[in-house]
Amino acid sequence: RPASIIGQRPFPPEQVERRPGCPFDPPAARERLREDGPVSKIRLRNGADLWVISGYDEARAVLSDVRFSSDVIRRTSSFNLTPEQVAEGPSGCPVQEGERGDGMFIFMDPPEHTRLRRLLISQFTVRRMKALETRVQEIAVELIEAMRAAGTRADLVADFALPLPSLVICELLGVAYGDRAEFQERSAITLNTGNTAEEQARAGAGLLEFMRTLVAAKRENPGDDLLSGLIRGDLAADPPLSDAELVDIGLTLLGAGHETTANMLALSTFALLEHPDQLAALRADPALIDNAVEELMRYLSIVHTGPRRIATEDLTVAGVTIPAGATVLVSVPTANRDAARWSAPERLDLTRPRSPHLGFGHGVHQCLGQQLARVELRIGLAELFTRLPSLRLAVPATEIPLRTDMVIFGVHSLPVVWD
Ligand code: HEM
């Protein structure tokens with residue numbers, strides 16, 4: 001597998017690789033950090049220090065304190081890192097110093113962040129989400145029926161998990177039907193480690209161009225999609241949104257909503273197939289699906305190398321002082337298995353009473369698309385297991401390639417068969 005920019009993380013392998021036969025459990029080294037205490041310091045491969053927050057209460061405290069900055073890109077310059085370290089990013093982001101786009105609000109702090117977040121929230125309306133739900137259902141059914149029509153074998157990642165959220169983002173942004181194949185192809189290439197760095201860079205540049213054309217088209221001819229809504233609502237915005245901001249907002253929604261949802265869909269399917277008792281419980285009581293989605297979010301915690309923050313001053317968490325300028329990793333996989341919070345946290349239990357997890361983050365940056373993600377997971381998983389009742393892995397579980405080297409954990413492919 002050729003190395004990709006996205007794949008080159010400075011994380012020590014033991015902090016991301018899974019134990020043989022335990023694809024869903026946090027890495028053993030991460031578990032050990034948690035046993036040492038809720039806050040610890042490790043050395044990255046690029047020589048920088050990383051402060052790891054392993055406990056649930058401490059993770060929430062960090063995520064709700066904006067003195068832990070999200071501006072990880074621009075603050076790189078305050079680190080005294082070597083040029084190579086800057087190129088790799090203090091926290092593993094393959095970005096150059098100062099490269100943050102005008103509208104990338106996921107990397108902004110209040111009040112800059114507040115202005116864009118507020119505009120975005122006004123577009124995630126109940127009416128739009130309801131309309132999207134109908135389309136999610138149609139898209140999921142179309143994809144599954146296409147798999148069935150093609151035979152009794154598929155790669156669930158390429159044929160279902162990647163295209164579903166990509167098409168949903170097309171709906172959200174108002175991408176014309178004729179342009180969707182191009183959009184999907186390019187966004188899939190940017191995520192896939194099987195492609196070279198050049199291929200990914202070319203696809204990324206293509207997506208940027210695509211988004212610029214889309215924004216220009218929406219300015220010219222608005223529809224009832226989110227980008228048009230932002231442009232219309234823009235009249236009230238102060239200052240009004242620029243084209244560059246709109247382009248970055250589109251790319252941020254794609255960046256935050258595609259890879260995450262795709263990996264949750266595929267990894268959840270893998271986890272349910274590997275826990276037949278839980279799958280049987282879900283089949284016996286389809287009303288369990290909402291609970292199942294929350295428990296899978298907790299249990300799988302796919303955002304395994306983030307969220308990341310930078311301490312803007314000396315800050316104390318659980319009695320430990322984190323120095324100004326330090327990079328902090330909120331370790332969602334261990335925080336979501338904190339035994340002080342959940343009983344038998346290492347067990348996947350779809351009937352577990354619901355309790356807030358950190359799978360969608362917490363605080364001012366808490367996932368903006370979480371309702372949409374829940375709809376995609378609920379409908380995607382329910383349709384899959386209903387329409388393909390004999391669904392099973394086509395290869396032994398140990399042969400499923402895991403995305404341990406990526407920002408978002410999951411599987412590179414999931415070969416499945418059915419009768
Ligand atoms: C933020 C997880 C789906 C849009 C976040 C954060 C997490 C997360 C952990 C917080 C990041 C931080 O604190 O730095 C997930 C997971 C998803 C998912 C696990 C799928 C299962 C989506 C979808 C969309 C979306 C479908 C939109 C289409 C966003 C945006 C932010 C965000 C825009 C940034 C919010 C802000 O900075 O104010 N997501 N997400 N996400 N997510 Fe999601």
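Please read all numbers here as calculations on a predicted model, not as lab measurements.

Soluble globular proteins: nonpolar side chains tend toward being buried together. In terms of nonpolar packing, the biggest core is built from 89 residues, with L120, F160, L164, L173, L300 and L414 touching the most fellow members. With 14 residues, the single largest contributor to this core is helix α11 (residues 243-274). Residues within four places of L120 in sequence aside, it is in contact with F105, L226, L230, I249, L253 and L368. Y56, L63, A311 and L315 belong to the second-largest nonpolar core, a separate cluster that totals 19 residues.

Next up on the list: the site of the ligand. Every one of the 22 residues lining the ligand counts as a neighbour, but H113, R117, R309, H365 and C367 are closest to it. In the environment of the ligand, an oxygen atom lies 2.7 Å from a nitrogen or oxygen atom belonging to the side chain of R117. Taking H365, its side chain carries an N or O atom lying 2.5 Å from an oxygen atom of the ligand. Looking at the shell around the ligand, the elements with two or more residues in it are α4 (112-121) and α11. Broken down by element, the residue count for the shell around the ligand peaks at 6 residues, all from α11. Among the residues forming the shell around the ligand, the class breakdown is 12 nonpolar, 8 polar and 2 charged.

Below, the discussion takes up the coordination of the iron atom of the ligand. Looking at the protein side alone, the iron atom of the ligand has one donor only, C367 (SG), at 2.3 Å. Along the polypeptide, C367 turns up in the loop between α14 (332-335) and α15 (370-387).

So, on to empty space enclosed by the protein. If you walk through the whole model with that rule in mind, you get 2 cavities of 30 Å³ or more. Lining the largest cavity are N291, E294, E295, R298, W342, L350, R352, P353, R354, S355 and H357. Among the residues forming the lining of the largest cavity, the class breakdown is 3 nonpolar, 3 polar and 5 charged. For the second largest cavity, the calculated volume is near 50 Å³. Residue lining of the second largest cavity: L63, D65, V66, F68, S70, D109, R309, V364 and H365, and that is the complete set.

Now for the sheet that holds strand β8 (residues 327-330). If you walk across this open sheet you meet the 5 strands as β1-β2-β8-β5-β3, and the pairing is mixed. Each edge of the open sheet carries a strand with a single partner, namely β1 (39-43) and β3 (68-69). Across 4 bridges, strand β2 (residues 49-53) lies against β8 in parallel orientation. Looking at β8, one finds that L50 is bridged to T327. Packing of helix α2 (residues 56-63) onto the sheet brings it into contact with β2, β3, β5 (308-311) and β8, and relative to β8 it is tilted by some 125°.

With that out of the way, let us pick up the packing of aromatic side chains. Taken as a whole and judged by the stated rule, the model has 4 aromatic pairs. Judged by centre distance (5.0 Å) and plane angle (70°), the ring pair of F24 and F270 falls under edge-to-face. With F24 in the segment before α1 (28-36) and F270 in helix α11, this pair connects stretches of sequence that are 246 residues apart. Both rings, one in F24 and one in Y299, keep their centres 6.2 Å apart while their planes meet at 40°; by these two values the pair is tilted. Highlighted residues: F24 in the segment before α1 and Y299 in helix α13 (residues 289-300), separated in sequence by 275 residues. Comparing F24 with Y299 shows no difference in burial state: the two are buried. An aromatic cluster of three or more residues is present, and its members are F24, F270 and Y299.

Time to look at the side chain of Q123. For Q123, the position within the fold is in the loop between α4 and α5 (126-150). Within the structure, the side chain of Q123 is placed 3.3 Å from the backbone oxygen of G229, a separation counted as a polar contact. Excluding its chain neighbours within four sequence positions, the residues that come into contact with Q123 are R128, L226, G229 and L230.

Bringing unusual backbone geometry into the picture now. The linkage connecting P110 with the following residue, P111, adopts the cis geometry, with an omega of 5°. Position of P111 relative to the elements: it lies in the loop between α3 (83-88) and α4. Although it is not a glycine, S301 sits at a positive phi angle of roughly 35°. Following the sequence through the fold, S301 ends up in the loop between α13 and β5.

Before going further, it helps to examine the confidence of the model for the protein. For the protein, per-residue confidence averages 88 on the pLDDT scale, and 89% of positions sit at 70 or higher. Note on residues 1-8: pLDDT is under 50 here. Beyond four places in sequence and across chains, it has 22 contacts. Scored below 50 in pLDDT, residues 77-98 makes 47 contacts in the model with residues more than four places away or belonging to other chains. Prediction confidence for the complex, expressed as pTM and ipTM, is 0.93 and 0.99 respectively.

Let's shift gears to the environment of K41. Tracing the backbone shows K41 in strand β1. Overall, the relative accessible area of 47% leaves K41 in the partly exposed class. Those residues in contact with K41 that lie beyond four places of it in its chain are D49, L50 and W51.

This brings us to the pattern of salt bridges. In the structure shown here, the tally under the stated rule is 27 salt bridges. Residue R135 pairs with E138 through a salt bridge whose shortest N-O separation is 2.5 Å. With R135 and E138 both in helix α5 and 3 residues apart, this pair spans about one turn of that helix. Owing to a relative accessible area of 18%, R135 belongs among the buried residues under this scheme. For D290, the salt bridge is made with R378, and the minimal N-O distance between the two is 3.3 Å. Of the two residues, D290 sits in helix α13 while R378 sits in helix α15, which places them 88 residues apart along the sequence. Residue class for D290 comes out partly exposed when judged on its relative accessible area of 34%. One salt-bridge network, held together by shared partners, links K130, E133, D290 and R378.

Criteria and thresholds
Residues numbered from 1 in each chain as written. Predicted model: local features only at pLDDT ≥ 70, side-chain atom pairs only at ≥ 80, totals over all residues. Heavy atoms only, no water. Core = buried A, V, L, I, M, F, W, Y, C linked by side-chain atoms within 4.5 Å. Buried < 20%, exposed > 50% of the residue type's maximum accessible area, 1.4 Å probe, protein only. Helix = DSSP H or I, 4+ residues; strand = E, 2+ residues; numbered from the N terminus. Contact = heavy atoms within 4.5 Å. Near = heavy atom within 4 Å. Polar contact = N/O pair within 3.5 Å; in protein donor to acceptor, adjacent residues only side chain to side chain. Nonpolar A, V, L, I, M, F, W, Y, C, P; charged D, E, K, R; others polar. Donors = N, O, S within 2.8 Å, 3.2 Å for Na, K, Ca; no water. 1 Å grid on protein atoms, 1.4 Å probe; cavity = no way out; pocket = protein on both sides within 12 Å on 5 of 7 lines; lining within 4 Å. Points joined across faces, edges and corners; volume = space filled by probe spheres on them. Pairing = 2+ DSSP bridges. Axes fitted to C-alpha atoms, helices over the stretch in contact; angles between N-to-C directions. Phe/Tyr/Trp six-rings, centres within 6.5 Å; stacked < 30°, edge-to-face > 60°. pLDDT = per-residue confidence, 0-100. Salt bridge = Lys/Arg side-chain N within 4 Å of Asp/Glu carboxyl O.

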